[in-house]
Amino acid sequence: MVICLTAVCLVCASVLAAVYAVTYEPIKASAQKAEKAAISEVLPAGCTVSEAKSCECDGLTYDYYEALEGEAVKAYAVKSATNGFGGKLQLMVGVLEDGTVWATKVLSQNETPGLGAKCASDEAFCAQWSYEKRQESGKKLEVLAVSKDGGDVDAITASTITSRAYTLAVSNAVNVVKSLCGEKVDSWSGASVKSE
Amino acid sequence: MEFVLIIISSIFVNNILLAQFLGICPFLGVSNKLSTATGMSGAVCFVITLATVVTYLLNKYLLVPFGLEFLQTIAFILVIAALVQMVEIVLKKVSPSLYQALGIFLPLITTNCAVLGVAITVVTKEFTFGGEAHLLGLGEATVYALATSVGYGLAMILFAGLREHLAGNKVPEAFKGLPIALITVSIMAMAFLGFSGIV
Amino acid sequence: MANKLSLITKGFIKDNPTFVLVLGMCPTLATTTSAMNGLEMGLATMFVLILSNIVISLIAPVVPDKVHIPVYIVVIATFVTVLQLLMQAYVPTVYETLGLFIPLIVVNCIVLGRAEAFANKNSCLDSALDGIGIGLGFTLSLTVIGIVREVLGSGSVFGWKFIAGDGILAFVMAPGAFMVLGYLMVLFNKYLKKQ
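Sequence order as written defines the numbering, with residues in each chain counted from 1. Chains and ligands are labelled sequentially in the order written, the chains with letters from A and the ligands with numbers from 1. Thresholds applied to this predicted model are a pLDDT of at least 70 for local features of residues and 80 or more for the giving and counting of side-chain atom pairs; totals over whole chains, interfaces and linings are not thresholded and use all residues. Excluding hydrogens and water, the side-chain values take into account all heavy atoms of the structure.

What follows covers the overall build of chain B. Along its length, chain B carries nine helices and zero strands. Secondary structure follows DSSP: runs of H or I at least 4 residues long count as helices, runs of E at least 2 residues long count as strands, and numbering of each begins at the N terminus. Overall, chain B shows an N-to-C arrangement of helices and strands of α-α-α-α-α-α-α-α-α. Here the radius of gyration uses the C-alpha set of atoms, whereas the globule reference equals 2.2 Å times the residue count to the power 0.38. For 199 residues, the compact-globule estimate of 2.2 N^0.38 gives 16 Å, and the C-alpha radius of gyration of chain B, at 18 Å, lies within 12% of that figure. With the C-alpha coordinates aligned to their principal axes, the bounding extent of chain B is approximately 60 × 45 × 30 Å. Each residue is placed in one exposure class: buried if its accessible area under a 1.4 Å probe, protein chains only, is under 20% of its type's maximum, exposed if it is over 50%, and partly exposed if it falls in between. Per-residue burial for chain B yields a buried fraction of 50% across its 199 residues. When contacts within chain B are restricted to residue pairs at least 6 apart in sequence, long-range pairs at least 24 apart make up 72% of them. About 8,600 Å² of surface is accessible on chain B, with carbon and sulfur atoms providing 71% of the total. Between the mean site of the 8 positive side-chain charges and the mean site of the 8 negative ones, chain B shows a separation of 17 Å. The contact definition used throughout considers only heavy atoms, calling two residues in contact when any of these lie within 4.5 Å. Values of accessible area rely on a 1.4 Å probe in the Shrake-Rupley scheme; residue burial ignores everything except the protein chains shown. In this tally, Lys and Arg are treated as positive and Asp and Glu as negative; His is ignored, and so are the chain termini. In this description, the location of a charge corresponds to atom NZ of lysine, CZ of arginine, CG of aspartate or CD of glutamate.

Structure, rendered in structure tokens:
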């Protein structure tokens with residue numbers, strides 16, 4: 001009786017180990033593929049992307065990638081996360097050296113369908129984060145806060161918390177880039193001012 | 001403070017039955033009498049909490065250090081099956097009347113999605129209670145499991161009460177039994193949706 | 001031959017796992033937020049169901065009665081983990097969407113139920129056909145529920161939107177799941193299950 005159960009467990013465990021060995025590489029590759037796709041979406045065209053790097057800003061660690069044109073760093077892609085309405089909201093933010101937001105992409109979100117979840121799909125909300133679309137429409141994005149809090153960001157209707165979380169994630173990413181480029185950090189989130 | 005957040009969130013905001021859809025089969029099957037519903041909830045509460053603690057420790061000290069996460073599903077379900085067997089044996093000795101009352105439903109707790117669901121959620125999902133998104137520690141996981149099962153019991157008992165009332169009412173023939181029960185649950189779920197945003 | 005074919009078709013109406021046997025409720029309610037999700041979940045469950053039915057019908061004669069439940073559970077869990085790994089590697093978006101409910105196929109009453117009720121008493125071929133039949137019935141039910149919820153809740157079908165903006169959001173959230181299942185059960189009982 002025990003022999004039978006043990007035998008079955010051993011056979012099954014070996015089958016699983018074999019399948020795991022076969023699928024290990026593809027699993028790793030597809031996890032990286034999604035992130036790589038997001039990175040190239042948020043950076044200007046024609047740059048080579050560096051390896052993943054990490055830095056600390058305001059007590060949190062951030063992963064980021066440099067976008068290189070030849071030898072010079074043109075922009076950064078920063079992975080930034082905040083607490084949204086329904087859980088972790090993770091973005092990939094493309095920021096130019098002077099702190100301008102180039103583009104954003106939602107990596108993962110747990111927001112309410114039809115409300116906060118629109119942060120990933122709503123055309124009007126997403127367009128304001130794209131530099132090129134802002135040039136076309138003439139929208140300004142200087143103060144990174146929702147209009148309710150006195151900023152330039154148009155929030156999603158009835159989803160203030162998600163919009164605020166999204167804006168905070170972008171503003172954190174901009175601060176990371178600014179501190180990487182050696183400037184003083186003075187963010188809207190009220191974080192402490194850092195001097196280089 | 002964080003434990004209060006976990007408790008409120010698990011019982012009301014993310015109620016395991018009405019929001020996460022785990023543990024529906026016994027919910028629909030056992031809830032036509034209030035007494036069986038209460039007994040079932042108690043047994044499930046005990047198994048969920050115990051199973052979560054054991055699988056959490058198993059995962060932390062055996063599966064993760066040896067890179068065996070792919071054996072999570074198998075290991076967890078075996079632990080749960082063994083635990084339910086143990087609970088059956090203990091209950092038979094300690095309280096034979098409760099054992100009789102629960103009858104077939106006790107071994108069926110093994111196939112209750114809620115038990116395996118909570119065990120897996122606790123070791124894989126990053127929660128945002130009180131700060132940054134993070135995996136739960138042992139204390140938080142235990143509180144989460146306890147609170148989740150209280151939420152399960154709450155929904156079960158409320159629903160059993162409603163069903164006992166329904167049984168005495170005039171229901172169209174095609175709706176009798178499960179369909180009207182399901183529509184009742186949907187209204188309950190709508191009510192519980194009102195809790196979203198509190199935590 | 002007709003006998004073999006009936007093994008498959010009985011899963012559609014007479015032994016429909018969702019509306020008649022009322023098994024596997026958890027994934028039915030949780031993964032039918034859209035037609036595509038329902039279809040994917042159904043196919044994933046069918047994969048495990050067919051394979052576990054085959055293996056269990058083969059080993060049932062040699063397994064001692066006292067340990068048969070744990071042995072069946074281990075076999076089912078093995079196939080579920082194989083499915084998990086394959087999905088994670090080759091269709092990661094589907095894996096992310098279905099999330100927790102892939103490992104929960106292990107405790108899906110349908111799989112263990114068919115193993116207990118059918119696979120351990122019948123031949124390998126019959127068990128495989130039974131797996132296909134019940135699996136197809138489950139997939140069909142999930143897809144139908146998914147279509148209804150998607151049409152009413154998001155105004156689209158299999159991702160093809162036919163209205164601008166949102167539908168009645170309650171249908172893609174918890175209340176809608178229970179309600180659609182309840183009403184569809186009424187329709188099924190009244191018009192299809194005439195026997």
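On to the interface of chain B and chain C, then. Opposite the 33 residues of chain B that make contact, chain C presents 35 residues. Summed over both partners, buried area is the accessible surface (1.4 Å probe) that two parts give up on being assembled. In this assembly, chain B packs against chain C so that about 3,000 Å² is buried in total across both faces, 88% of it on carbon and sulfur atoms. A pairing counts as a salt bridge when a side-chain nitrogen of Lys or Arg comes within 4 Å of a carboxyl oxygen of Asp or Glu. Across the chain B-chain C interface, the total number found is zero salt bridges. Distance and chemistry together define a polar contact, namely a pair of N or O atoms within 3.5 Å, with one atom able to donate a hydrogen and the other to accept it when in protein, and with adjacent residues in sequence counting only for side-chain atoms on both sides. Counting every contact that joins chain B to chain C gives one residue pair in polar contact (both at pLDDT 80 or more). Every element with two or more residues in the side of chain B that touches chain C is listed here: α2 (24-30), α4 (72-94), α7 (113-124) and α9 (178-193) of chain B. Tallying contributions element by element places α9 of chain B first for the side of chain B that touches chain C, with nine residues. When residues are grouped by polarity, Ala, Val, Leu, Ile, Met, Phe, Trp, Tyr, Cys and Pro land in nonpolar, Asp, Glu, Lys and Arg in charged, and all others, Gly among them, in polar. Across the side of chain B that touches chain C, the residue classes break down as 25 nonpolar, eight polar and no charged.

Many authors give the size of an interface as the accessible area that is lost as the parts come together. Tallying the contact residues gives 12 residues for chain B and nine residues for chain A. When chain B packs against chain A, close to 910 Å² is buried across both sides, 68% of that on carbon and sulfur atoms. At the surface where chain B touches chain A, the tally comes to zero salt bridges. Applying the counting rule to chain B against chain A returns zero residue pairs in polar contact (both at pLDDT 80 or more). Among the residues making up the side of chain B that touches chain A, the classes are represented as five nonpolar, five polar and two charged.

With that settled, consider the pattern of salt bridges. Within this structure, the stated rule accounts for nine salt bridges over all chains. Between Glu 41 of chain A and Lys 105 of chain A there is a salt bridge, and its shortest N-O distance comes to 3.8 Å. In this pair, Glu 41 of chain A sits in helix α1 (residues 2-42) while Lys 105 of chain A sits in strand β6 (residues 101-108), placing the two residues 64 residues apart along the sequence. When its relative accessible area of 29% is taken as the criterion, Lys 105 of chain A is described as partly exposed. Between Glu 69 of chain A and Lys 74 of chain A there is a salt bridge, with the nearest N and O atoms lying 3.8 Å from each other. For Glu 69 of chain A, a relative accessible area of 44% puts it in the partly exposed group. Under the relative-accessibility criterion, Lys 74 of chain A is labelled partly exposed at 32%. In the salt-bridge network here, residues are joined through shared partners; they are Lys 10, Arg 114 and Asp 130 of chain C.

Another point: the nonpolar core. Ranked by size, the top nonpolar core spans 121 residues in total, and within it Ile 109 and Leu 116 of chain B carry the most contacts. Ranked by residue count, the leading element in this core is helix α4 (residues 68-90) of chain C, at 14 residues. To qualify as a nonpolar core, a set must consist of buried Ala, Val, Leu, Ile, Met, Phe, Trp, Tyr and Cys residues joined through side-chain atoms within 4.5 Å.

Below, the discussion takes up the state of the cysteines. Cysteine sulfur atoms that come within 2.5 Å of each other are treated as a disulfide pair. Scanning all chains against the criterion turns up zero disulfides over all chains. Free of any disulfide, Cys 126 of chain A has its nearest neighbouring cysteine sulfur in Cys 119 of chain A, separated by 7.3 Å.

Residues and elements named next belong to chain C. Angles shown run from 0 to 180 degrees and are taken between the N-to-C directions of axes, each axis being a line fitted to C-alpha atoms and, for helices, limited to the stretch in contact. At a minimum axis distance of 9 Å, the contact between helix α3 (residues 35-59) and α4 shows a crossing angle of 140°. Considered as vectors, α3 and α4 are oriented oblique to each other. Remark: the crossing between α3 and α4 carries right-handed chirality. Taken together, the residues of α4 that come into contact with α3 (itself represented by Ala 44, Phe 47, Val 48, Leu 51, Ser 52, Val 55, Ile 56 and Ile 59) are Val 71, Tyr 72, Val 75, Ile 76, Phe 79, Val 80 and Leu 83. Oblique is the label for every angle not falling under 35 degrees (roughly parallel), over 145 degrees (roughly antiparallel), or within 65 to 115 degrees (roughly perpendicular). By the definition used in this description, the sense in which the near helix is turned from the far one sets the handedness, with an anticlockwise turn below a right angle giving left-handed and a clockwise turn giving right-handed.

Right, let's talk about the side chain of Thr 32 of chain C for a bit. Residues and elements named next belong to chain C. Among the structural elements, Thr 32 can be located in the loop between α2 (25-30) and α3. Here Thr 28 takes part through its backbone oxygen, which lies 2.7 Å from a polar atom of the side chain of Thr 32. The contact partners of Thr 32, leaving out residues within four places of it in the chain, are Pro 27, Gly 38, Leu 142, Ile 145, Gly 146 and Arg 149.

Time to look at the packing of helix α3 (residues 34-63) of chain B against α7 of chain B. Residue and element names in this part refer to chain B. At a closest axis distance of 9 Å, the pairing of α3 and α7 adopts a crossing angle of 40°. Relative to α7, the element α3 is oriented oblique. Note that α3 runs across α7; the crossing there is right-handed. Seen from α3, the contacting residues are Val 47, Ile 48, Ala 51, Thr 52, Thr 55, Tyr 56 and Asn 59; seen from α7, they are Ala 114, Val 115, Val 118, Ala 119, Val 122 and Val 123.

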